[in-house]
Amino acid sequence: MNWHREIAGHIESIYRESNETFSNYQQQMGLPCLSGCGACCLSPEISASILEMLPTAFSVVDKNGVEFAEQFLQQLENSQDFVCVFYKRLSLDGKKGHCTNYEFRPSVCRSFGAAALRDKNGNKSMSICKYIKEAFPETIKNLDPIDAPVIGDFAKKITLLDPYLGNKLYPINEALKLALIKVLSITYFEGNRSA
Ligand code: SF4
Ligand code: SF4
């Protein structure tokens, strides 16, 4: 098996673990996301590494085929839209919507709701989505950052799997594009070998 395919499998396991960690924390603290909301996905600041987008890129190629993936790549190359290509808007202002890449979404997308930030001295502070803050003002007052999972901890674990592809962050659509190029080249190589 190709080494990056194997790594993509490890990243998926880390994603499952991070999903449980962040969503359990939100549930336990009584800070669920608002029904139908997807406003965080509109942010132009969402970034990911090529490595983090490998599971997504492999899933695009493996589920839909090389031809579809090449067209998708072309579409990404021609697009000027900064909003994540996987976000499906369900309202005019775009705040209602959902992720069409939920299973493979990168680390940062799993910590949008309520999590902790750690500064360079190791001190933790809370980072909470403004819509959750508005909806649960009393709950927010009692939070202790000590109990909260830290944004970036799972991304660091992923980076260790391949620092060359994991260290640099790009806007999410750009990271996806570069991951797709990588995965398509692996797929061409695998095709040539099995021919
Ligand atoms: S991958 Fe999904 S959760 Fe992440 S920004 Fe895109 S649409 Fe939102
Ligand atoms: S984190 Fe906030 S903006 Fe994102 S889906 Fe949850 S409630 Fe909505």
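Residues numbered from 1 in each chain as written. Chains lettered and ligands numbered in written order. Predicted model: local features only at pLDDT ≥ 70, side-chain atom pairs only at ≥ 80, totals over all residues. Heavy atoms only, no water.

Caption draft 1: Quick look at helix α6 (residues 153-161). Listed in full, the buried residues belonging to α6 are Phe154, Ile158 and Thr159. Seen end-on, α6 carries its buried residues on one side only, within an arc spanning 145 degrees. Away from its buried face, by an angle of more than 90 degrees, α6 presents the exposed residues Lys156 and Leu160. Buried-residue contacts for α6 involve α1 (3-29) and α7 (163-166). (Buried < 20%, exposed > 50% of the residue type's maximum accessible area, 1.4 Å probe, protein only. Helix = DSSP H or I, 4+ residues; strand = E, 2+ residues; numbered from the N terminus. Arc of directions from axis to C-beta. Contact = heavy atoms within 4.5 Å.)

Caption draft 2: Region of interest: the pairing of strand β5 (residues 124-128). Judged from the 5 bridges that link them, strand β4 (residues 114-118) and β5 form a sheet pairing that is antiparallel. Residue pairing for β5: Arg118 is matched across the bridge by Lys124. Between the end of β4 and the start of β5, which pair antiparallel, lie 5 residues, with Gly122 showing a positive phi angle near 90 degrees. (Pairing = 2+ DSSP bridges.)

Caption draft 3: Local environment of the pattern of salt bridges. Under the definition given, this model contains 6 salt bridges. Linking Glu17 and Lys157 is a salt bridge whose minimum nitrogen-to-oxygen distance equals 3.2 Å. On the criterion of sequence distance, the pair formed by Glu17 in helix α1 and Lys157 in helix α6 is long-range, its members being 140 residues apart. The exposure class of Lys157 is partly exposed, given its relative accessible area of 38%. The salt bridge partner of Arg118 is Asp153, with a shortest N-O separation of 3.4 Å. One end of the pair, Arg118, is in strand β4; the other, Asp153, is in helix α6, with 35 residues separating them in the sequence. Classification of Arg118 by relative accessible area gives partly exposed; the value is 41%. Three or more residues are tied together by salt bridges with common partners; here these are Arg5, Asp62 and Glu190. (Salt bridge = Lys/Arg side-chain N within 4 Å of Asp/Glu carboxyl O.)

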